[in-house]
Each structure stands twice: as C-alpha cells, then as structure tokens.
Amino acid sequence: MKKVAVLGAGSWGTALAIVLADNGHEVRLWAHRKEHAETINDTHRNNKYLDVDIPKEITAFSDMHQTVSGVDAVVIVVPTKAIREVCSELNKWIDPKTTVIHATKGIEPVSLKRVSQMIEEEMDIHYEDVVVLSGPSHAEEVALRHPTTVTTSSINLEKAKHAQDLFSSDSFRVYTSDDILGIELGGALKNIIALGAGISDGLGYGDNAKAALITRGLAEIARLGTSLGANPLSFLGLSGVGDLIVTCTSVHSRNWRAGNLLGKGNQLDEVLEQMGMVVEGVRTVKAAHQFAKDQNVEMPITSGIHQVIFENKDPKDVVEQLMNRGKRDEMDDLAVLLKERYSE
Ligand SMILES: NC(=O)C1=CN([C@@H]2O[C@H](COP(=O)(O)OP(=O)(O)OC[C@H]3O[C@@H](n4cnc5c(N)ncnc54)[C@H](O)[C@@H]3O)[C@@H](O)[C@H]2O)C=CC1
Ligand SMILES: O=C(CO)COP(=O)(O)O
C-alpha cells in the first residue's frame, strides 16, 4: 500500500483516485478550491463532475503541502492551461524522489510544449523521469469499474513501471511504453479529431464520415508525430487509434459533445459555457495548427477545424473543401512511415 496524491478533482482526477483507492492505496485528492475539498469529504460525492460514490479511503485536500507530504507518487490531472500554475506550487513541497505522473491531454498554444515539457520547466525534475498515463479511458466508465486499458510512458521505463504497478487492477489494465512523445501527442491530438467527429454528427452526417475522420485523422496525427520524432507504432496503440475511437464515438466525450453542439449551429462561447468541463481540443487545435505550419506538415482536418472554431467558417463549407482537395494516393502516410522505419 502506497500513499498517492492526485492533483485535480475533476472527472478524470476523481476516477483515477478511485482506481488507486480500489488497489488499497491511501489517496489524497487535491482540489484547488477549499469548499470543493470540503464537499467531497462531507458527502463522498463529486456531483458536478462524476455521478459515483467516492470511497472513504480517498481524502480531499486543498492545501498542496499537506497533500503531497510523504507521498510515493503524484498524479497531475488538471487541464493543460492550469499545469504551470499547479506544478510551480507543487515544486515548493514535493520530495525529489517522488514519482511524477500526469494524465492531462493537451499542448500549450504558442510555446507548443507538451505537458511533460511544461512539468520539466516548472519543476526540479528531469524530463526523462516524467510519466504520462494515456489511452481510451472515459472517467464515467472507469468509475463504474468497466474494463479499461491505458499506457504509462516515460523515457525512464522504471518510472513507467512504477506507475503501471500503482494503477493495474482487474478492471484497469496498464501497458508501458518508452515513447512519451508519441503517447502524449496521440492523447492530445485526438481531441481535435473528436471535435470534428462531433461537428460531423451535428451536421447530420453518418458513420461513413466519422470513419473517414478517424482514419484520415490518424494519418495526419502520425504525420506530425513522426516529423517530431515519435515512433509511428505508438499511433496504432492505445493512445493513438484506441483513444481516437473512444473519443470520436462516445457520448461521454466532452470534445465530441462540444463539436456536436458546434455542428448544430451553436456559438463556441455558449458551447463551452454549457459544457462546464474542460474541452481540451479547443486550445489544442490552436497549437496543432501552428505546429503543422512550423513543421511544414499537411494537417487538413486540423486546419478545417481551426477554420470552424477560430476563423468563423461554415462547417459545411469546410467539409466541401476537405472533400475536394487534390487527388492523392492513400498509402502515402502511416504505411509509408512504418515501411521506412521497418524496411531494413
Ligand atoms: N474526463 C475524462 O474522462 C478524461 C480526461 N482526461 C484529461 O484529464 C484532464 C482533466 O480533465 P477532466 O478531469 O475531464 O476535467 P474537468 O473539467 O472534469 O475538471 C477539471 C478540474 O481542474 C480544476 N481546475 C480548473 N482550473 C484549475 C486551476 N487553475 N488550478 C487548479 N485546478 C484547476 C477544476 O476545478 C476541476 O476540478 C484533461 O487534460 C483531459 O483531457 C484524460 C482522460 C480521460
Ligand atoms: O481522453 C479522453 C478519453 O480517453 C476524454 O476525452 P474527452 O475530454 O473528450 O471526454
């Protein structure tokens, strides 16, 4: 039994805290508002974020020092835009030996940093030692103990294995990987495609369109990812195609739901207000659009979603534009990247 701190009492932080508590660990769940922590301790519920009873083994805190003192591992699960603020506070109190895991899916606009890079910048920790946990895993199903698979990834595989040991259970199967670049990019970029899948469904298009978005979305994610040095095989794994499938097809997905409302003609501001939970794809599409330009990589779906969200383009016109792009061979993407890598 270990002591583990989970920073972020939203839906994913709460679900991960439940997995850890079920495994017998002592879990401290940090909420950034004192009243939120008090409500969780008083009611053992977190109704705004997740409709589930919270085990008594989970105690909520709002004081960072108390939360992390003496813990073996810290799991950071706040939205990307809060990562720097939370990590700079965490850095004041954390013991350097503590394993640092994050489960946040995003890329910072402008700096184009991934979450592990932001953690390194805000804390006294080497990038090689940061672990990401990612994969097809909606909080709503994890909290019900439905079978779920994820990957923990770090350049330091011992750290990834430590995270694997903490989280693995009968209903939560954890694989490891040393390609943190590919695992983080897959988890962050699929949110953009999920927005697109929601927009498509909101416009009234069917399964053919959604399958096209998933498949061609995977191609452009892999194109950008490999241009940055990721292993192309990571995009065929849980944090690639796995997370694309779940986020593009599940009613639980915040990104799909936001896209769906946009496709039905709602304005971005009202959609985000209505959601009340983080929709990471909105900020990530900004970052990916910039990344594609900088890397000189074609990302037509990402560009189309950027046009709908930030350039006020009609989604139907964007679909027409995507359908009428220049003719090309299908196999000039992931298959070629894999062939190049494994042909020798
Ligand atoms: N919800 C899910 O099923 C999954 C979510 N994720 C990822 O986990 C991350 C967190 O997402 P959710 O838990 O869904 O979000 P959420 O919207 O349910 O909760 C976000 C939490 O962060 C807190 N927060 C907001 N701003 C903050 C700040 N400045 N400082 C500290 N805390 C702050 C909120 O109070 C709330 O407790 C995201 O990157 C998301 O993509 C990953 C896998 C599954
Ligand atoms: O990453 C997720 C599932 O793996 C959660 O996606 P949403 O934020 O779209 O709900």
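Residue positions are given per chain, counting from 1 as you read along its sequence in written order. Labels are handed out in written order, letters beginning with A for the chains and numbers beginning with 1 for the ligands. Note on the predicted model: pLDDT of at least 70 is required for a residue's local features to be given, and 80 or more for side-chain atom pairs to be given and counted; whole-chain, interface and lining totals, by contrast, use all residues.

Undergrad: I would appreciate a short explanation of the UniProt feature "binding site: sn-glycerol 3-phosphate" (unreviewed entry) in the protein in the present structure.
TA: UniProt positions are given in the numbering used here, feature names are shortened, and annotations may be inferred rather than shown by experiment. In the UniProt entry, the feature "binding site: sn-glycerol 3-phosphate" (unreviewed entry) is given for K105, G135, S137, K190, D243, S253, R254 and N255. Excluding its chain neighbours within four sequence positions, the residues that come into contact with S137 are V142, T148 and V150. Mapped onto the elements of the fold, D243 is located in helix α10 (residues 238-249). The exposure class of D243 is buried, given the 27 C-beta atoms found within 10 Å. Contact between two residues is assigned whenever their backbone-derived C-beta positions fall within 7 Å. Ignoring anything within four residues of it in the chain, the contact list for D243 reads S134, G135, P136, G186, G187, K190 and L238. Each helix corresponds to a stretch of at least 4 residues labelled H or I by DSSP, and each strand to a stretch of at least 2 residues labelled E; elements are numbered beginning at the N terminus. Note on burial: count the other C-beta atoms lying within 10 Å of the residue's C-beta; 20 or more is buried, 12 or fewer is exposed, in between is partly exposed, and C-beta positions come from the backbone.

Undergrad: Whenever I open this one, the sheet that holds strand β7 (residues 148-153) confuses me. Can you help?
TA: Spatially, β3-β2-β1-β4-β5-β6-β7-β8 is the arrangement adopted by the eight strands of the open sheet, whose pairing is mixed. Across the chains shown, the open sheet's two edge strands, defined by having one partner strand only, are β3 (58-61) and β8 (172-177). The mean angle between the axes of side-by-side strands here comes to 25°, regardless of whether they run parallel or antiparallel. Here strand β4 (residues 73-76) runs beside strand β5 (residues 99-102); their pairing, made up of four bridges, is parallel. Bridged to I76 within β5 is H102. Here an axis means a line fitted to C-alpha atoms, over the contact stretch when the element is a helix, while the angle between two N-to-C directions is reported on a 0 to 180 degree scale. Against the sheet, helix α2 (residues 34-43) makes contact with β2 (26-30) and β3, and its axis sits at roughly 155° relative to β3, the strand it touches most. Note: two strands are recorded as paired if DSSP finds a minimum of 2 bridges between them.

Undergrad: Would you mind going over the site of ligand 2 with me for this structure?
TA: Near ligand 2 there are 14 residues, and of these S137, T247, S253, R254 and N255 occur at the shortest range. Secondary-structure elements contributing two or more residues to the shell around ligand 2 are α8 (180-203), α10 and α11 (254-263). Tallying contributions element by element places α10 first for the shell around ligand 2, with three residues. Residues are grouped as follows: nonpolar covers Ala, Val, Leu, Ile, Met, Phe, Trp, Tyr, Cys and Pro; charged covers Asp, Glu, Lys and Arg; every other residue, Gly included, is treated as polar. Grouping the amino acids of the shell around ligand 2 by side-chain chemistry returns three nonpolar, seven polar and four charged. In this document the domain limits rely on a domain assignment from an automatic tool or a database. The two domains that each donate at least three residues to the shell around ligand 2 are domain 1 (3-178) and domain 2 (182-342). Using a C-beta atom placed from the backbone for every residue, we mark a residue as near a molecule or strand if that atom lies within 6 Å of it.

Undergrad: How should the pairing of β5 be read in this particular structure?
TA: Residues in a regular strand project their side chains so that they alternate between the two faces of the sheet. Here β5 shows two buried faces, one formed by T99 and I101 and the other by V100 and H102. Bridge analysis of β5 against strand β6 (residues 131-134) gives two bridges, and the strand direction is parallel. Paired with I101 across the strands is V131, a residue of β6. A crossover gets the label right-handed when its path from the first strand over the helix to the second runs clockwise, viewed with the strands pointing away from the viewer. For the crossover from β5 across helix α5 (residues 115-122) to β6, the handedness is right-handed.

Undergrad: Which parts of the structure should I look at to understand the UniProt feature "domain: Glycerol-3-phosphate dehydrogenase NAD-dependent C-terminal" (unreviewed entry) in the protein?
TA: Under the UniProt annotation, "domain: Glycerol-3-phosphate dehydrogenase NAD-dependent C-terminal" (unreviewed entry) lies at residues 179-320. Structurally, residues 179-320 comprises 75% helix and 0% strand, and the distance from its first C-alpha atom to its last is 36 Å.

Undergrad: I would appreciate a short explanation of the packing of α8 against helix α14 (residues 300-310) in the present structure.
TA: Helix-helix packing is described using two parameters, namely the angle between the two axes and the distance between the axes. Closest axis-to-axis distance for the α8/α14 pair is 10 Å, and the angle between their directions is 65°. Our pair here, α8 against α14, has a crossing hand that is left-handed. Contacts from I192, I193, L195, G196 and I199 in α8 reach I301, T302, I305 and V308 in α14. Handedness of a crossing follows from how the near helix is turned relative to the far one, being left-handed for an anticlockwise turn of less than a right angle and right-handed for a clockwise one.

Undergrad: Which parts of the structure should I look at to understand unusual backbone geometry?
TA: Where the residue is not glycine, phi is negative for most of them; where a peptide bond is considered, it is trans in most cases. Within the chain, H44 stands out as a residue other than glycine whose phi angle is a positive 55°. Within the element layout of this structure, H44 appears in the loop between α2 and β3. Taking the C-beta count within 10 Å as the criterion, H44 has 14 such neighbours and is therefore assigned partly exposed. Not every positive phi belongs to a glycine, and R145 is a case in point at roughly 65°. Locating R145 in the fold gives a position in the loop between α6 (139-142) and β7. Residue classification places R145 among the partly exposed residues on the basis of 15 C-beta atoms within 10 Å.

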